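Spelled out, the chains give:
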There are 6 protein chains.
Amino acid sequence: MRKVSFERNFSKHAEGSCLVRFGDTHVLCTASLEEKPPAWLRNSGKGWVTAEYGMLPRATGDRMKREAASGKQGGRTQEIQRLIGRSLRAVVDLSALGEKQITIDCDVIQADGGTRTAAITGGWIALHDCLKWMEARSMTKLDKVLKDHVAAISCGIFAGQSVIDLDYLEDSAAETDANFVMTGTGGIVEVQGTAEGAPFSQEEFLSLLALAKAGTEELVALQKQAITA
Amino acid sequence: MRKVSFERNFSKHAEGSCLVRFGDTHVLCTASLEEKPPAWLRNSGKGWVTAEYGMLPRATGDRMKREAASGKQGGRTQEIQRLIGRSLRAVVDLSALGEKQITIDCDVIQADGGTRTAAITGGWIALHDCLKWMEARSMTKLDKVLKDHVAAISCGIFAGQSVIDLDYLEDSAAETDANFVMTGTGGIVEVQGTAEGAPFSQEEFLSLLALAKAGTEELVALQKQAITA
Amino acid sequence: MRKVSFERNFSKHAEGSCLVRFGDTHVLCTASLEEKPPAWLRNSGKGWVTAEYGMLPRATGDRMKREAASGKQGGRTQEIQRLIGRSLRAVVDLSALGEKQITIDCDVIQADGGTRTAAITGGWIALHDCLKWMEARSMTKLDKVLKDHVAAISCGIFAGQSVIDLDYLEDSAAETDANFVMTGTGGIVEVQGTAEGAPFSQEEFLSLLALAKAGTEELVALQKQAITA
Amino acid sequence: MRKVSFERNFSKHAEGSCLVRFGDTHVLCTASLEEKPPAWLRNSGKGWVTAEYGMLPRATGDRMKREAASGKQGGRTQEIQRLIGRSLRAVVDLSALGEKQITIDCDVIQADGGTRTAAITGGWIALHDCLKWMEARSMTKLDKVLKDHVAAISCGIFAGQSVIDLDYLEDSAAETDANFVMTGTGGIVEVQGTAEGAPFSQEEFLSLLALAKAGTEELVALQKQAITA
Amino acid sequence: MRKVSFERNFSKHAEGSCLVRFGDTHVLCTASLEEKPPAWLRNSGKGWVTAEYGMLPRATGDRMKREAASGKQGGRTQEIQRLIGRSLRAVVDLSALGEKQITIDCDVIQADGGTRTAAITGGWIALHDCLKWMEARSMTKLDKVLKDHVAAISCGIFAGQSVIDLDYLEDSAAETDANFVMTGTGGIVEVQGTAEGAPFSQEEFLSLLALAKAGTEELVALQKQAITA
Amino acid sequence: MRKVSFERNFSKHAEGSCLVRFGDTHVLCTASLEEKPPAWLRNSGKGWVTAEYGMLPRATGDRMKREAASGKQGGRTQEIQRLIGRSLRAVVDLSALGEKQITIDCDVIQADGGTRTAAITGGWIALHDCLKWMEARSMTKLDKVLKDHVAAISCGIFAGQSVIDLDYLEDSAAETDANFVMTGTGGIVEVQGTAEGAPFSQEEFLSLLALAKAGTEELVALQKQAITA
């Protein structure tokens, strides 16, 4: 696993924020609180946590067209932001949050593989800090709303071997590529595995799952360290 | 598993087509051949297989806004069509296809859960028939291009029990929901598992995988029957 | 005139639905009831009937770009859906309907000329069945709202002769092409005639109108048969 | 019929231009020559004539949203510009034009009913003057390319009587509203009739057609006068 | 400075309107009154004045793509309409206007340089006439709302000399190009200077400012004449 | 003036990059080289320098809607990116650059007033480093292409006093707000002054210009220091 770090309070304005680094992959996660939930949750007593994802045009080796300029978010962007939102909501009690909305913006400043797993892992920190900010203002109880940690890691089979936290080069060459989202208590929240070349077997998949379990445990430990720092 | 059927040659114009039914979920899959590949594959000697997915506005219980009218494809649509394309390409030899493109359109005529798994399973038939059409015109060799079957099924944990091929009601109520895409030889091509409520354990996941294995075997048997009919 | 058939209740979910076939042209028409009218009719006591039209990408001989993917509905699509809506409203008493909205979605599953006329003719069946569904729930009186039948047919001059219900090949080669929308009592609701080649004379136009009158009478007879089946 | 006038050479830059007035309806028509045809006509030896239509936001009694700001052309706009293009092409020999494109922009400066008929009638003048401009530069032969006049007029049944060239108030109140596009030799190019209230009969339609015939004859006479002025 | 003229009441429908001509640059300015302010000013007691800008496709030497057809307003359009709105608001007391909105549409009928300065100068007339129209209906007090004149002129350095009111050719060739918006009492509202070639000095800039001062004084005198005509 | 710093080589992938800080305003500027110029410069022997501007949604005190999600770049964004591009091109010899394109992306990570001036000043560093990178690969001569420094600063009148480098609070309250873009040799490239409240006088404007002159001199000195570090 590459060196992972969390730089909290990276942003002056956001209720919670964190620059997360997985090696050369750097993602800025900010949490923005809105006092009212989305329209379809009005008068439900429940709140919502959602995520948006973006990449700076030159976060990557070749410059990518700016999505704001091309007039729409690509399929990959939408897929990733939906995944981040679902992953974070898996550990949130939306009734305990009450009729509010928290938006986690995950913007990739620099990309080197694993941007979605970094975004989920760092997004949890931003969400945590936002809830803490709210608790300090008696707006909510952090430990009622946030039920557990959530962290994510990619694993893959590369040159016949199971590897964890693939960087861009490994990812491009991997035969199989899987993303795992897991809670602090080891539950699985999301599993997404794709055979890039030949299909994979159940055994291969289980070896990746084992790697991911160890990896997310380590990430959760780092999250715990970060929020008590 | 619900009753599954394939109605081949449903469309007069397409090079291959199939109306696939998984219970009350009905998806029309058509394969359209284009004589040249996408721009980024020109002069590469390789072809491409891609998929598009859509839903008629009243395929569902409540009418959904027409995507053409709202001016963009939603995140869910893009996620599904990317999945269908990847799944089909996993069993295609793009070099053997040569510089051509086959587009598989999967349009949901009626929805009752499992539209993406039906689309992949029926899309394979449309693709097969398109390649057969090409073989009849000496444009390609079907068995060189299409290396294996591919089929997909959803499994979930519903009321504490593992169930297969969830309909809309089961899907809405499921605690965990996973889609599996597997080949005729039992290899895994895609795994997508999501905890809707509580996170799930490795054991639960393995029970779903076992169900999916049996289910896709049955689907592949039905595909074989269909293409020899 | 090609063989015309109506397959009612084609869709499990819609309040009214009909797969209409004019030869190889197959259009799925569904009626969706909404409990409130569009914003500009609030508190007017009146309801609204509107239509949307779409074509599956491979309904045609060559695959057409999916409108949802290109991000807008083309001019032809908008022209047709406006025509369908106007035609159906011509036989509806919007005050008797009350503050509700019925949307008729007409999706072309397979095209071989005359999709707009099939859509109007089949759309009437879907609308009828929706109103019947509402009557069964004491929401309205079918015969107060639906004042008459409406049906449509294309006529043209092809190789110097007046022909009715043109298929794609005839339509492409026709010198003159006209669509007629008429009621069950023989009133004209819409006339749209276009000279594709040389302008046409009043006499030619009257010969088309005569053909259309006979054709729509036959279509209305078939509608009557269908709704009493 | 309201007072009709043509102000040629209204625009300094266009190859042909005309401000046409039908009473208080004022439409600026400009013809723009492009040295190459649209992509789908390359190497065909043929050219193309097309039209675009727009309305200034305050051309109407109530300000309408600017289409450029709302990000798309409405259905009505597209319907009208397709009609104008078809009408003008009906009197043009595209092979004689050769591989060029002429775009007729019809922009409504002030609207009071009949904008589409004014646009067709004035668009013909702009097209004529563009071809004359080309002839002066030995780029084409005007009388080879432009085979006839084309003019358009609206007729309707209003308060039980057939009326011609309806202004906005008449148009809003008309029971039936039809637009006729006719050539200088009396041929019919387009007919579009719509029952706004009750369906209309063949007799009513024929009375409108007779009115239109007289009206377009008068318009053609005015066009002749204008181009020889 | 080129010949400047104002043709008031150019439009039958608008509450205020003016066709302004700066030489061959002709801009139609209309003022449209709405009885309520934009949403963000509800219950503030204040009103709003805003502007939109457009160009007919063939207002220019080469035809430009219609913004409604390309689906968005370009950067230049947005920049100009923001400038017009700011400039007019600089002389309006929005509290005295009360909760209403006036939209100034500036549509370029023919362009020959200086369209934005003509639009501001003529837009002031349209705004004035709209307020006068309101005063006549006891809706407002013209002289409470409209505190001063505002007019705009371009100046530039062309072939080493300071010139005023550049036409298209001068503008294309100018080394430096600046737009000045000034009030009737000589205050500066907006200054926008751009070095097209070499950077300019403070002295050069002051010479342009002096020219602009004289020019806007003249324009204000012409405005005064126009509104008393 | 707030504390200004340049962090060069902030991005691993870009040919030149710089995180510029003007107090709490932080903008990431990256330069991306493309081997061919935009289409309209093919075969001209000239290259192009362009800029794009964006803001992370929570760079500001209140979260702003992501432009990629709303489907277009706002007017303010387009205005700013056009300004950055013009400013940088003012000190570039496009013929010496040759047929290449350099895109400067300026993304605001955190905003506190003056983002456009920071972007221009930091964008110059990114451009410089990109040209240096090219020089190291014998692709160009840095000092032939980059003719001078360019830097920008905002000045305003706030509480009756001229102030420089306004932060968000000062900017919101300023009576007058002007942005100046100047070269290393003191030439003016762009001037944009706006009266937010009362119009300003020539004297006030000159006092701002004097401040700006001193400010940009200081910025240029800091740029020199940075590129030799």
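Residues numbered from 1 in each chain as written. Chains lettered and ligands numbered in written order. Predicted model: local features only at pLDDT ≥ 70, side-chain atom pairs only at ≥ 80, totals over all residues. Heavy atoms only, no water.

The criterion, for reference: UniProt positions are given in the numbering used here, feature names are shortened, and annotations may be inferred rather than shown by experiment.
In the annotation of an unreviewed UniProt entry, chain A is listed under the name Ribonuclease PH and assigned to Pseudorhizobium banfieldiae. Of chain A, the UniProt comment under Sequence similarities (unreviewed entry) reads exactly: "Belongs to the RNase PH family." UniProt, in the comment section headed Subunit (unreviewed entry), describes chain A in these words: "Homohexameric ring arranged as a trimer of dimers."

Some details on the interface of chain C and chain D
Bring the parts together and some accessible area is lost; that lost area is often taken as the interface size. To keep it simple, the criterion reads: By definition in these notes, contact holds between two residues if any of their heavy atoms fall within 4.5 Å. What counts as buried area is the accessible surface, traced by a 1.4 Å probe, that two parts surrender upon association, with contributions from both included. A pair is scored as a salt bridge if a Lys or Arg side-chain nitrogen falls within 4 Å of a carboxyl oxygen belonging to Asp or Glu. Nitrogen and oxygen atoms within 3.5 Å of one another constitute a polar contact, given that in protein one can donate a hydrogen and the other can accept it, and given that sequence-neighbouring residues count only through two side-chain atoms. Helical segments are the DSSP runs of H or I of at least four residues, strand segments are the runs of E of at least two, and each set is numbered from the N terminus. In the scheme used here, Gly and all other residues not listed as nonpolar or charged are polar, with Ala, Val, Leu, Ile, Met, Phe, Trp, Tyr, Cys and Pro taken as nonpolar and Asp, Glu, Lys and Arg as charged.
Counting from both sides, the interface comprises 25 residues of chain C and, opposite them, 25 residues of chain D. For the pair chain C and chain D, the summed buried surface comes to about 2300 Å²; carbon and sulfur atoms form 53% of the total. On the chain C side of the contact with chain D, Glu 79, Ile 188 and Gln 202 of chain C bury the most area, a combined 22% of that side's loss. Taken together, the links from chain C to chain D amount to two salt bridges. Notably, a salt bridge pairs Glu 79 of chain C with Arg 82 of chain D, separated by 2.7 Å at the nearest N-O pair. Counting every contact that joins chain C to chain D gives twelve residue pairs in polar contact (both at pLDDT 80 or more). At the level of secondary structure, the elements contributing two or more residues to the side of chain C that touches chain D comprise helix 2 (75-89), strand 9 (188-195) and helix 7 (202-228) of chain C. Here the side of chain C that touches chain D takes eight residues from strand 9 of chain C, the largest share from any one element. Across the side of chain C that touches chain D, the residue classes break down as nine nonpolar, eleven polar and five charged.

As for the sheet that holds strand 3 (residues 25-34) of chain F
Residue and element names in this part refer to chain F. For the record, the criterion: Strand pairing follows a simple DSSP-based rule, namely that at least 2 bridges must link the two strands. Only C-alpha atoms enter the line fits that serve as axes; for helices the fit covers just the stretch in contact. Angles between N-to-C directions range over 0 to 180 degrees.
In spatial order, the strands read 1-2-3-5-4; together these five strands make up an open sheet with mixed pairing. For this open sheet the edge positions go to strand 1 (4-8) and strand 4 (48-55), each flanked by a neighbour on one side alone. Sheet twist, expressed as the mean angle between neighbouring strand axes with direction ignored, is 20°. Pairing of strand 4 with strand 5 (residues 101-110), which is carried by eight bridges, proceeds in the parallel orientation. Within strand 5, the position partnered with Met 55 by the bridge is Val 108. The sheet contacts of helix 4 (residues 115-136) involve strand 1, strand 2 (16-22), strand 3, strand 4 and strand 5, and relative to strand 3 the element is tilted by about 35°.

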